[in-house]
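For reference, the chains in residue letters:
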Amino acid sequence: MSSVVSPIRQPLVKGGKTYHQITEDICSPTERMPSTQWFIAFAVSIAFLGVFAFSVFWTVYWGIGSWNLNRTIGWSWDITNFVWWVGIGHAGTLISAILLLFRQKWRTGVNRAAEAMTIFAVICAGQYPLIHVGRIWLVFFIFPYPNTRGPLWVNFNSPLLWDVFAISTYLTVSLLFWYTGLVPDFATLRDRSKGIRRRIYNGLSFGWTGSAKHWQRWEALSLILAGLATPLVLSVHTIVSFDFATSVIPGWHTTIFPPYFVAGAIFSGFAMVQTLMIITRKVLKLQDYITLEHIESMNKVILVTGTIVGVAYLTELFIAWYSGYIYEQFAFYNRVLGPFYWSYIGMMTCNVLSPQIFWWKKMRRNIFVTFIMSLFVNVGMWFERFVIIATTLARDYLPSSWSYYTPTWVEIGLFVGTLGLFFTLFLLFTRVAPVVAIAEVKSILKTSGDQYSHEEH
Amino acid sequence: MENQNKSVLFGLYNDEEVLMSAIQQANEKHLDIMEVFTPFPVHGIDELLGFKESRLHIVGFIFGAIGCSFAFLFMTWVFTADWPIIFGGKPYFSAPAFIPITFELTVLFASIAMVVTFYAICGLWPGKVNPTLDDRITDDKFCIAFDANAHSEEELNAIKLFFSETNAEEVHTKDI
Amino acid sequence: MKNNNKEVWIGHNDLNSPELQEMAKQEFANNIPVVDTMADEQVMESSTNRRDFLKYLGFGLGAATVAASCEIPVKRAIPYVVKPDEIVPGVATYYASSFVKGGDYTSILVKTREGRPIKIEGNSLSPVTHGGTTARAQAAVLDLYNVNRLQNPTKDWAEMDTEIKDALASANNIRIITNTNMSPTAQKAMGEFLAAYPKAQVVTYDAVSASGMLEANEVSFGLPTIPNYHFDKADNIISFGADFLGTWISAGEYAHGYAKNRKVDPKAENPTMSHHTQVESYMSLTGSNADNRIMVRPSEQGAAIKAFYNALVGNNMGSELNEKASNALKALADKVKGANGKTLVVSGSNNVAEQVVVNAINEYLGSYGSTITFDRTSNQRQGLDKPMAKLVSDLKGGKVDAVFVMDANPAYDLPEAADFAEAMAKVKTSVFISTVPNETGALCKYVAPAPHFLEAWGDVEPKAGMYSIIQPTIAPLFNTRQAEESLLVWADSSNLNAEADQPYFEYLKANWEANMFPKQNNFLSFQTFWDKTLHDGVFTAPVAASNVRNAADVNTYLAQIAKPGQGEEIVLFETVAMGAGQYAENPWLQELPDPVTRTTWGNYFGIPITWEGGNSMVTYQNLNQEEYKGKADVVEVSVNGKAQDITCIASFGLAANTFSAALGFGRMEVGFAGKGVGTNSMAWLSRDNDGNVQYFNILDAEPKPTGEIDYEFPCVQYHHTFGITGQEDGKEINVDEKTLMAIGEGFQGGLTERSIIYQANLNEVNDLKAKIAEKREFAKHLNDATLYPYEEYQEKFYSQGHHWGMAIDLNACIGCGACQVACVAENNVPVVGKTEVSRHHEMTWLRIDRYFFGDHENPNTVYQPMMCQHCDNAPCENVCPVGATNHSSEGLNQMTYNRCIGTRYCANNCPFKVRRLNWYDYTTADLFGGNEVYVNGEEIPFGADNLTRMVLNPDVTVRSRGVIEKCSFCVQRIQEGKLTAKKEGRSLREGDIKPACQTACVTGAITFGDFNNENGALAKALDSELNYLVLEETNVQSSVHYSAKIINRDEAIS
């Protein structure tokens, strides 16, 4: 890790910290009584979680009929939210895995929280494939388990089944990666605590001692896991995009989808990390560890991916025209000008136009602008999925079956409900675990701590 | 450190660079260091202690290979041998359609196997209690430990001397 | 079911009924005679023999358990102790019978399973309907199990009879109100009644009547009857507002004849077909099938007839008619002048003068004797309007003191319904004889419930000498008595043997022996004749061809024809499903979309839709701009001073300042399905000077928007069209495409280039063939680039054994919807109700898409029956994660309901959008209690009650909530056919297997068969250059072929 750092780099750890201060700063939030803001936030999240529970109950008791889907539009908010959450769930692993491979030091400040966010987002995403089915009580049919019906296995040709494997693998690997990173920090917490806390954290830290041999293996493991997680994270959204790309519906049947979905995923993922980080660093007073450097770097990523996505949108339109295939042409014409034109406009402004302000360093380094932008991007990405799913289905091949869609309160409830689930989990996380990877920050202190890097100049 | 009632002589350092130089001197003096504990991974330390490169990736590869072949062969068996069903006019053996799941299972097998192996060989698992020499080791202290039982009195004095030479902050003996 | 004393018991609750427990006890109490032959002592002591003992043990256990009211309801059906010979469990039995409701008639075969009628099929032996059926006939089986049927008389029969007889004895003005009654035996019974009570009179009327026509024929030919129309013999068919394919007199029969001359021979170098012109004010089913439509305001109808007559005979004509129409009629006159005897002119007008002129036109064109004959005159409309009007005034005057209402509903379907209703209070004795309650019944003192026609005996004479039998297919479910029997009882008829098991059956048989038997000479013994007739269901007696002369003086009648009215007018029409409201309580028909407007569950106020350039269709007062979002505006319409709110629908093909609304809705005293559905437009009817009801009226004021929006607008297809063309800066453009987009304009070709519908004018058939060939060539070229090993499967499976497929002739399909109802009946397709349909949750496996093309002001229509295309490269199969849908080796796309978890991916990925999810628990079959949806405020959710469930087809699974379903090509019928063939040790014969839609179709538009059968009907149908596959370029390899739509449009005429 201690490879040469160009002196131009701004420090990533501020305030002339010593190792002990780092430990203090990062561990203390889990040790002191939570602040009132935290309690308020938690109460709100729990309330939304309640909404989620009720909406799920309603859906299961009455049936999918309680949503406004119809014979033409078989998926809408449900799968839109699914894809949206999965997308968000990409930043974490990406930051920790790919940036680890690229030896990007600035990742150390944010990777812990980002990975946590990944896991919670994937958990939220995972809700939708379950509750969107007509007979949730038989949902175990999608697993290829030996049974007495033949045995009748599952249809390995179905992108939905690929999804099942992709999402569950992604969740498992992310969990392992995240937890392995947490173990040494749990040990730190353990050694700072007494009594029951100590026993709990000892359990969580697996009895970590900090032995040099363990550290060596630990680093090896992190590196290989990162190596595996990188293609995995790319594969997951690729496979999600197959849900659409392998269909015959004009507007879905598009070869550009995999790269375009992955870019979109990173885009929205980073936006969500920004949203959370900007709040967390404020509330937990971690400005010295999650610095403007981090924020700016992530804004750069957002700018790049946002532009990639924009190019993808235009490419789609071009290809539709160029293909000379009228179904395709109509589908995209309808996407832009049809009854759902407003969602297309929303998508374009939020995803493509607004991130362009990040060409200006001033904007990249402005906390407030960044925060607003991160929200914009998340809204925009939600619109993108809605555009792809609902508006495409609404007008496909046979005009006789065309229809329109507006959500019911149940569908809206499910969406805000998963937001509740997400934030509940995240708030709990900030209480029980160090939101910044203590060991990793310490390991870059000498190279990127301000008091040291100044000497280099 | 598994067997009990063993006494350990250890010194604590404040900084990894001091620690490194100490280890170097220890090597020159041919003192056999029992263990070194650090709050974070210190680079170069493994060479000094003469660790061999970890072989975890081999485990990863083997299990990855197993996962890969298992997934592909299983799907092939289901669709061609066990119960061939016509799905939308695709061939029974529609290899391209098997790729995504094959890939996912490869990654899954490899990762799980490696993580499990890692904890196994490190002797770490939920609830495992490893006696710690000093609570600050996971905070900001760097520790070199010697097995007191394995050394004679004068050797121990030599080690103490070594500690003071390499300006260790504290030197303790602890029975664990 | 409970009120019914035949013990069909369903569960422990039934068994708790005291009488049953009583029975159980008695079974034990009975002391059985000792069997002497048995020497064994113990047996002697036990005083029963072993077999009896076992019997009691069995029943005892059963009865004890059940009567002890254990918590688990017993859902077992008890096997027969003594099995009726004609019933083999699992094997269907068919009985020939007839569907009759007022003037509607269809000769049918009734399919019964385990003694339950479950499906109605056409009777191919019938010389009238030729094996075709109508939606109304198909749906009739559901009425049998209607929970709202009349189940018991007001009083016990005997008591009621005496009271009624006393009343009759003292009455000195008795009226029997009835709709058209085509039954000779019923007429005889009524005759006896009239003989017994000389002060009685019969008043026959029809809600939608041919009164004017009957009177006109009286005037012209001295015959108050409806002649025999031969639509198959006519090269030119001209209809002045007669919806002869949908609702007019004998639509099924006419459609059959019509279609014969509409199918084009693809092989012919210059194919021919009849030319059909429709002169009308709104787009009727018939009008939508016409080659040319001439639009006139309803009040111009007479003027149009007049103008056409003048144009024919060369009078200089008055300028009463709008310019466009009169020119068109001139052109039409020139077209048909020459062709003598090759033309058929019909008119739906209910005005004597107009009909007389129509007769004159037909005479001038030499139609009589060729396209119109008087040999087999029709009895299907006998009602006269004037006497009914008089009756109403008599009632008002309190002149009548006893009224017998036979199945009629004057309190609803007369223009003076309100007056009638209040006048009924003045009547001393009022008796209502019917199967179901209605507005009139509610006003009557006595109710004498009659059995449903599937429980009854009877006969019909729809056309002179063409008899048809009605025979029961199930024992009466309720405490009912046939209307004829009641009349005879009240008349103390000596010919009725009241003690007999089935008195009216005896009476009927006797009548046939006396009157019909002699009319034939093939059979010497009556019994054989009777058996044959019962078997065939029909009997045709020879009739003498009668030559008629037209004696009317046309000019006087020409003078009588009223001048067109001014202002905004409303045309009121009968729909294929609802009739004049007599079908309102049938959920299947309520949910059958109107072929043209595609609306269900109600009637809607048709507002004209036009295009004045730009990118939007212009609707009247800009109403219904968001129809495609399922929102419709509500307007207040006032006619005859009666103002009502009604939901609008933008409609093509409405004449200027003309609006339309369907009759037969807004009923209040009716089964749950019809209660309060739609708006009652009967009150908007008017009468002409001769007292004949006119089915149009002038609006009091222009319709004013109430500002309300109807969010429950159950329209299954918005007005999306294919080739509605208009002129824009000189060149012809597709209007609908231009107006599709919300912002900006649609692009040309986005719809018309789709390979969904192919249509052309008759003189361009060869160009069309070329076009189809080219498009299919292109599709094949695209499809060659594939990884799919289609050929492999082809040779491995599809070319072996069977490969099922279908051919649909779009030229023969008139969109009547019979197939859709047949499909619902055959496959237990659930009814979902208005709210659900408005959310596009309709479950129909087979739908009939309606597309407009041609001139945007006066378009042509093509109907496309759309069901699962059973693609061999089915997109739905690939995407199902659990493999719930997959392909059979016979090319069927199969759905495994109990494997389906309802991800809806298959539905999304279906290019034809034919897959249906059970959004709610429509069949009350899911895990949860009390979450069923109500169709229309019924007490028990529709289908949850045991009576309605009796209509279910036991061969087809009832799908639970959350499961996808779709057309299966009636796989149960395929299996049945294969089994029968196997049992008979033969291979399948042509026509062994016919899906429900095919058997229902009256025009033979649908052909099902085996691709591998080279000389089968399917192969014949496919051997045509007009054939194409919908969306062939998607390479889904669908198995349903369509034959392009050909119209015979004459530009001069429109």
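Data block above holds the structure.
Bear in mind that the values here come from a model prediction, so they are computed numbers and not experimental data.

A. Fine view of the interface of chain C and chain B. Counting from both sides, the interface comprises 16 residues of chain C and, opposite them, 8 residues of chain B. Taking both partners together, chain C and chain B bury about 990 Å²; carbon and sulfur atoms supply 62% of that area. Summed over the shared surface of chain C and chain B, the number is 0 salt bridges. The interface formed by chain C and chain B contains 3 residue pairs in polar contact (both at pLDDT 80 or more).

B. Representation of the sheet that holds strand β2 (residues 104-113) of chain C in the model. Residue and element names in this part refer to chain C. Ordered in space as β1-β2-β3, the 3 strands form an open sheet in which the pairing is antiparallel. The open sheet has two free edges, formed respectively by β1 (93-101) and β3 (116-122), since each of these has just one partner strand. On average, adjacent strands in this sheet sit at an angle of 40° to one another, irrespective of strand direction. For β1 and β2, the ladder comprises 9 bridges, and the chain directions are antiparallel. Across the sheet, Y95 pairs through a bridge with V110, a residue of β2. Helix-sheet contacts for helix α5 (residues 135-144) involve β1, β2 and β3, and the interaxial angle to β3 is about 170°.

C. Spatial organisation of the nonpolar core. Counting residues in hydrophobic clusters, the biggest one holds 374 residues, and the most contacted among them are W85(A), F156(A), I144(B), Y229(C), W588(C) and F912(C). Ignoring anything within four residues of it in the chain, the contact list for W588(C) reads Q138(C), A139(C), V141(C), L142(C), V821(C), V824(C), A825(C), V831(C) and V951(C). In terms of nonpolar packing, the next biggest core, distinct from the first, is built from 43 residues, A171(C), F505(C), M516(C) and F517(C) among them.

D. Representation of a negative patch on the surface within the structure. Negative charge collects at one region of the surface, where D32(B), E153(B), E154(B) and E155(B) lie side by side. Along the chain, E155(B) falls in helix α5 (residues 153-165).

E. How the structure looks around the sheet that holds strand β2 (residues 35-37) of chain B. All names here are of chain B. The strand order β2-β3-β1-β4 describes an open sheet built from 4 strands, whose pairing is antiparallel. At either end of the open sheet lies a strand with only one pairing partner, and these are β2 and β4 (170-175). With direction set aside, neighbouring strand axes in the sheet form an average angle of 25°. Its contacts with the sheet put helix α1 (residues 16-28) on β1 (7-13), β2 and β3 (142-147), and the angle it makes with β3 is roughly 30°. Across the sheet, α5 is in contact with β1, β3 and β4; its angle to β1 comes to roughly 10°.

F. Up close: the packing of aromatic side chains. Applying the stated criterion across every chain, the model contains 124 aromatic pairs over all chains. The interplanar angle of 15° and the centroid separation of 4.3 Å between the aromatic rings of Y282(C) and F573(C) together place this pair among those described as stacked. Note that Y282(C) is positioned in the loop between β8 (275-280) and α10 (285-289) and F573(C) in strand β18 (residues 569-573), a separation of 291 residues in sequence. For the pair Y282(C) and F573(C), one class covers both residues: buried. Above the ring of F330(A), the side-chain terminus of R754(C) is found at 4.8 Å from the ring centroid.

G. View of the environment of V639(C). Residue and element names in this part refer to chain C. Mapped onto the fold, V639 is located in strand β21 (residues 632-639). Put simply, V639 and Q748 are 109 residues apart on the chain and 42 Å apart in space, counted from C-alpha to C-alpha. Excluding residues that lie within four positions of it along the chain, V639 makes contacts with I570, W684, N697, I698, L699 and D700.

H. Region of the structure containing helix α9 (residues 257-283) of chain A. Helix length check: α9(A) (27 residues) gives 38 Å between terminal C-alpha atoms against 39 Å at 1.5 Å per residue, within 8%. Where α9(A) ends, the next residue or the one after it, K285(A), has phi of about 55°, a positive value.

I. Geometry of the packing of helix α7 (residues 184-196) of chain C against helix α17 (residues 483-490) of chain C. Residue and element names in this part refer to chain C. The interhelical angle for the contact between α7 and α17, taken along N-to-C directions, is 20°, at an axis separation of 8 Å. The pairing of α7 with α17 is recorded here as roughly parallel in orientation. As α7 runs across α17, the sense of the crossing is left-handed. Residues A186, A189, M190, E192 and F193 of α7 touch α17, and the partners they reach there are E484, L487, L488 and W490. Taken together, the residues of the contact of α7 with α17 sort by class into 7 nonpolar, no polar and 2 charged.

J. Looking closely at unusual backbone geometry. Note that the residue after G150(A), namely P151(A), is joined by a cis bond; omega there is -5°. As for its position among the elements, P151(A) is in the loop between α5 (107-131) and α6 (159-192). Residues other than glycine seldom take positive phi values, yet F206(A) does so here, at roughly 55°. Positive phi values are uncommon outside glycine, yet H870(C) reaches one of about 45°. One can find H870(C) in the loop between β33 (860-866) and α27 (875-879).

K. The arrangement of the interface of chain C and chain A in detail. The interface of chain C with chain A comprises 72 residues on the first partner and 68 residues on the second. Summed over both partners, the interface of chain C with chain A buries about 5,800 Å², with 60% contributed by carbon and sulfur atoms. Looking only at chain C, the three residues that lose the most surface to chain A are R754(C), R899(C) and Y905(C), adding up to 12% of its buried area. The interface formed by chain C and chain A includes 3 salt bridges. With a shortest N-O distance of 2.5 Å, R71(A) and E842(C) are connected by a salt bridge. Secondary-structure elements contributing two or more residues to the side of chain C that touches chain A are β32 (847-855), α27, α28 (905-908) and β36 (916-917) of chain C. Take the side of chain C that touches chain A: its biggest share by element is 4 residues, from α27(C). For the side of chain C that touches chain A, the class distribution of residues is 34 nonpolar, 21 polar and 17 charged.

L. Geometry of the packing of helix α1 (residues 19-31) of chain A against α6(A). Residues and elements named next belong to chain A. Two elements in contact, α1 and α6, have axes whose closest approach is 11 Å; the angle formed by their N-to-C orientations is 75°. Classified by the interaxial angle, the pair formed by α1 and α6 is roughly perpendicular. Between α1 and α6, the contacting residues are T23, E24, C27, T30 and E31 on the first element and T188, L189 and R192 on the second. Within the contact of α1 with α6, the residues separate by chemical class into 2 nonpolar, 3 polar and 3 charged.

M. Representation of the pairing of strand β4 (residues 174-178) of chain C within the structure. Residues and elements named next belong to chain C. The buried count for β4 comes to 5 of 5 residues, which makes it a mostly enclosed element. Going residue by residue along β4, you find I174, I176 and T178 tucked away on one face and R175 and I177 tucked away on the opposite face as well. As a crossover connection, the stretch from β4 through α7 into strand β5 (residues 200-204) is right-handed. Bridge count for β4 against strand β12 (residues 402-406) is 5 bridges, and the pairing is parallel.

Calculation notes
- Residues numbered from 1 in each chain as written.
- Chains lettered and ligands numbered in written order.
- Predicted model: local features only at pLDDT ≥ 70, side-chain atom pairs only at ≥ 80, totals over all residues.
- Heavy atoms only, no water.
- Contact = heavy atoms within 4.5 Å.
- Buried area = accessible area lost by both parts, 1.4 Å probe.
- Salt bridge = Lys/Arg side-chain N within 4 Å of Asp/Glu carboxyl O.
- Polar contact = N/O pair within 3.5 Å; in protein donor to acceptor, adjacent residues only side chain to side chain.
- Pairing = 2+ DSSP bridges.
- Helix = DSSP H or I, 4+ residues; strand = E, 2+ residues; numbered from the N terminus.
- Axes fitted to C-alpha atoms, helices over the stretch in contact; angles between N-to-C directions.
- Core = buried A, V, L, I, M, F, W, Y, C linked by side-chain atoms within 4.5 Å.
- Buried < 20%, exposed > 50% of the residue type's maximum accessible area, 1.4 Å probe, protein only.
- Patch = residues over 30% accessible without salt bridge, like charges linked within 9 Å, V, L, I, M, F, W, Y side chains within 5 Å.
- Areas by Shrake-Rupley, 256 points an atom, 1.4 Å probe, with all protein chains shown as cover.
- Lys, Arg positive; Asp, Glu negative; His and termini not counted.
- Charge placed at Lys NZ, Arg CZ, Asp CG, Glu CD.
- Phe/Tyr/Trp six-rings, centres within 6.5 Å; stacked < 30°, edge-to-face > 60°.
- Lys NZ or Arg CZ within 6 Å of the ring centre and 35° of its normal.
- Expected span 1.5 Å × (residues − 1).
- Parallel < 35°, antiparallel > 145°, perpendicular 65-115°, else oblique.
- Left-handed = near helix turned anticlockwise from the far one by under 90°.
- Nonpolar A, V, L, I, M, F, W, Y, C, P; charged D, E, K, R; others polar.
- Right-handed = clockwise from strand over helix to strand, strands pointing away.

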